[in-house]
Amino acid sequence: MIVINGLTKTFDDVIALENFNMTVKKGSIYGLIGTNGAGKTTLLKLLSGVLKADSGTIRIDDEVVYENPAIKERLSFIPDDLQFFAVYTLNEISKYFARIYDKWNDALFDEIIAEFHLDKKKKLSRFSKGMQKQAVFAVSLATSPDFLILDEPIDGLDPLVRKTVWSYIISASAERQMTTLISSHNLREMEGICDAVGIIDKGEMILEKELDELRGDIHKLQLSFEGAPATDSQLESIYRHLHVVHRDKRGAVDIFIVRNNRETLDEWKNLYHPILFDPIPLTLEEVFIYELGGTNHAINSIIS
Amino acid sequence: MQSIVSSAKPKMNAIIKENLHRFWPIAFVYFLILFMVTVFIAILDTSEANGFDIIWNTINNGRLVIPVITSAASLTFAVCIFGFLHNTGQASVTHALPFSRKALFSAHFISGFILSIAPFILLAFSMLPFCFGANAHNPDAYLRVLTPSQILATLGMWLLSNGIIILCTYALCVFAGIITGTVIMHILVAGLLNLFIPFFYKLITIYLSSFLLGYPTNTSSINTILSYMHPALYNIFHHRLGILAAIVYIGISAIIILFALILYRVLKLERAGDSTTFHVAEKILTYIVTLLGMAAFGLAFTIPTPFTGNGAMPPFYIISAIGAIITFIIVQMIMKKTPKIFNQATCKTFGIYVIVGILFLVCTTSDITGYSNRVPSPNHVKSVIINSDIYPFMIPYNQEMYGEQLKFTKKDDIANVTNLHRHLITANKEAIQDMQNAADNLNTIEDPYDIPKEGIDENLTLYNTIISSQLNFHYKTGSPFGMQRNYQYESADPILKLLADTDEFKKTYRLANTVGYDKIDSVTALHANTIFYSVNPNDDPGIE
């Protein structure tokens, strides 16, 4: 289990993370999403013990990570920049990492490499960017980590490879209770694989939930009532039971973004009997846009 | 916990092995270079004796090319091995590996050191059969008298000397790698750290000898001090690294390594890619390089001497200031990695530098401590040695006694010496003042072809008289450093009689001590080929 409390990290006079809190359950797949420069990569480097926090704590299985080789032995981090690996062939890197990681799994490494059709004798610098990511993913998974930390691992990979990567992660989570923390901008795929998500903005965690809970909590709701339109005060009275965070109107149809679960919405429906009642759970991408885009231009794209 | 500790070492070995595996071709290239400049050219030499001389000179630290290669190898491996610190991706993966920073530092440091010294070990082995072969087959070779164990000991000492040079240079280069964030800066700062102290010392001595009357200009003593400042220089000047020097340099290297480790442990990896990884390093490097730039400009374009007149000082200060500004701007652009450096923070940094620069110029060009007028009290002097480096000084009976030293320990004799010292200060000051006046007068002449000839001749005569001889005073006082002064003097100055009148001078140079009375048959005093006094000691026992 990963627990972060009150984490703050500054780069000179720039605050990268401030009073940041996060919890990742053991064996779960956690998606970290945020705009560019939100602090995701900084967070992952802090989690991997690469950077030192200014204040706050990062605990993995109740142990601090920074300067803790024992925890780092159980952790594998794939950064966005793969320059480290570029000078090696896969054969060389596997030998090197086998000497460092006690739980190095040669069979798994060979299996993944075969799956990706990678040449073990070729330098990684000669691979395409996507192939480099596959190779490093194979290396990373072969260290048999209990905690896998991936910084945008699937960007640049083709759909087939992405599917394979996800399948390895899911099976490791299921079989070995491997905890995975992924930062990615591919929200559609994250939605399909993650158990929980955290949305970071300007160094702060603005939303952290189980994905199922998140989906059930925010809805796009289309409503219409029979007969002449009610007065504003009547409508306010009707809608006051909903947690409306945005509202728009298209002809006789009212469109809402509401922070209510399905049960609450059904109760409300039974109370007011609208002729049109169409609640749709928001996708992760819509939640992301809604949470970070506010109610200006971005929200329009969700409700239109 | 036990398992963590026990597994740490084999894992460190993994990094060492990996570095050796990756970089051994570079070490091999260095070996080839070393082999080429030593064994290979020795083999090619048609004369076996000359060939062996090359090897012999090499193992006796007599070849300048070896310390140069040593330093280059140290820098190369420091840059290669610690290069991971200067790339964000490499730094991230390396520090995510299951190692503490101490272990990472140690493993990388050790592997770089092994790679740096490996070419020299290989070369030692390559030279070994050549040494023995030459020893056995060349009857004229002077090494023939050496036993195999002596050859091995000489080779061992050569290896040790180079090992210490590598250790010290490599430690400084690694230190540079930790305080910098890019490869280019690493190389520049490593060069600066290795050369700064000797270069700065040399610069200071040039300034002080130009501006302080009596500052020792003795090249050999300056070079001696200079040689202590880096083991490579020590090797170049002394050709042999003694036990004490070896211990001192190993100690200094250990301190540098420890300091580098401490900095590495607190290093902020997010600064990889910046010019420097510590703000304070940026400031210090800026001040140092600007100071060197300022001094170099001052030296390159104009540096006044006591003889150039008062008019030379303002241009010197102006050129120094321009040099400081130009260097500061260039350094700041490199440090900030942008030409847009003109802001409040830069002005503040330059403001601080101005104070440093003024302090430097004041301390080196003005006699603020009364250095020039200081003459020790005879009561505080344990002994004083006088010598003249350039010409034999008052050696009446033996022209071969070049560079003879006169040592005085008696209070009365020391008093005579300090009186002479005081007189020389006054005489030098007067001479300098005359020269400055002459120079200022020459400067005011509008038509350069209308210089009064008599004036020049007089001044040249005066100048030649002054510079004809130099006298060095080495006082041994209560201070561990003693006191040294150097003055020009007129060899015909009657004040020198103060020395001749001392008991210790008489005791050292009286005729009896030089040749012995029993060997003197007669004494004849001549002046202008005219004998005006002659005596036979057998006739006159009171000849002394």
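See the structure printed just above.
The shown structure was predicted, so the numbers you read here are calculated from the model rather than taken from an experiment. (Residues numbered from 1 in each chain as written. Chains lettered and ligands numbered in written order. Predicted model: local features only at pLDDT ≥ 70, side-chain atom pairs only at ≥ 80, totals over all residues. Heavy atoms only, no water.)

A look at the nonpolar core
The condition is simple: For the purposes of this section, nonpolar cores are sets of buried Ala, Val, Leu, Ile, Met, Phe, Trp, Tyr and Cys residues that join through side-chain atoms within 4.5 Å. Exposure is judged per residue with a 1.4 Å probe applied to protein chains only, and the accessible area is read against the type maximum: over 50% gives exposed, under 20% gives buried, and values in between give partly exposed. The helix count covers DSSP runs of H or I at least four residues long, the strand count covers runs of E at least two residues long, and both are numbered beginning at the N terminus. Note on contacts: a residue pair is in contact if any heavy atoms of the two residues lie within 4.5 Å.
Counting residues in hydrophobic clusters, the biggest one holds 181 residues, and the most contacted among them are Met22 and Leu47 of chain A. Looking at this core, the element that brings in the most residues is helix α6 (residues 148-179) of chain B, giving 14 residues. Contact partners of Met22 of chain A, with chain neighbours within four places excluded, come to Ile2, Val3, Ile4, Tyr30, Leu32, Leu43, Leu47, Leu181, Met205 and Glu208 of chain A. Among the nonpolar cores identified, the runner-up in size contains 22 residues, and Val375, Ile414, Ile425 and Met483 of chain B belong to it.

Digging into the environment of Tyr207 of chain B
Residues and elements named next belong to chain B. Examined against the element boundaries, Tyr207 turns out to sit in helix α7 (residues 183-211). Judged by its relative accessible area of 0%, Tyr207 falls in the buried class. It is 19 Å that separates the C-alpha atoms of Tyr207 and Thr327, two residues lying 120 residues apart in sequence.

Quick notes on the interface of chain A and chain B
Cut-off, in case you're wondering: Simply put, the buried area is the total loss of 1.4 Å probe accessible area from both parts when two parts are fitted together. Any carboxyl oxygen of Asp or Glu within 4 Å of a side-chain nitrogen of Lys or Arg constitutes a salt bridge here. Throughout this description, a polar contact denotes any pair of N or O atoms lying within 3.5 Å of each other; where both atoms belong to protein, one of them has to be capable of donating a hydrogen while the other can accept it, and for residues adjacent in sequence the pair is counted only when both atoms sit in side chains.
Across the contact, 30 residues belong to chain A and 27 residues belong to chain B. Summing both partners gives a buried area of about 2,600 Å² for chain A against chain B, and 58% of it is carried by carbon and sulfur. Broken down residue by residue, the surface that chain A buries against chain B is led by Glu67, Phe84 and Arg99 of chain A, which jointly contribute 21%. Remark: the boundary between chain A and chain B carries four salt bridges. The closest approach of N and O atoms between Lys11 of chain B and Glu73 of chain A, which form a salt bridge, is 2.3 Å. Connecting chain A to chain B are ten residue pairs in polar contact (both at pLDDT 80 or more).

Focus on the environment of Ile193 of chain A
Residues and elements named next belong to chain A. Following the sequence through the fold, Ile193 ends up in helix α8 (residues 187-193). Ile193 gets classed as buried once you look at its relative accessible area, which sits at 8%. Separated by 23 residues in the primary sequence, Ile193 and Ile170 place their C-alpha atoms 7.8 Å from one another.

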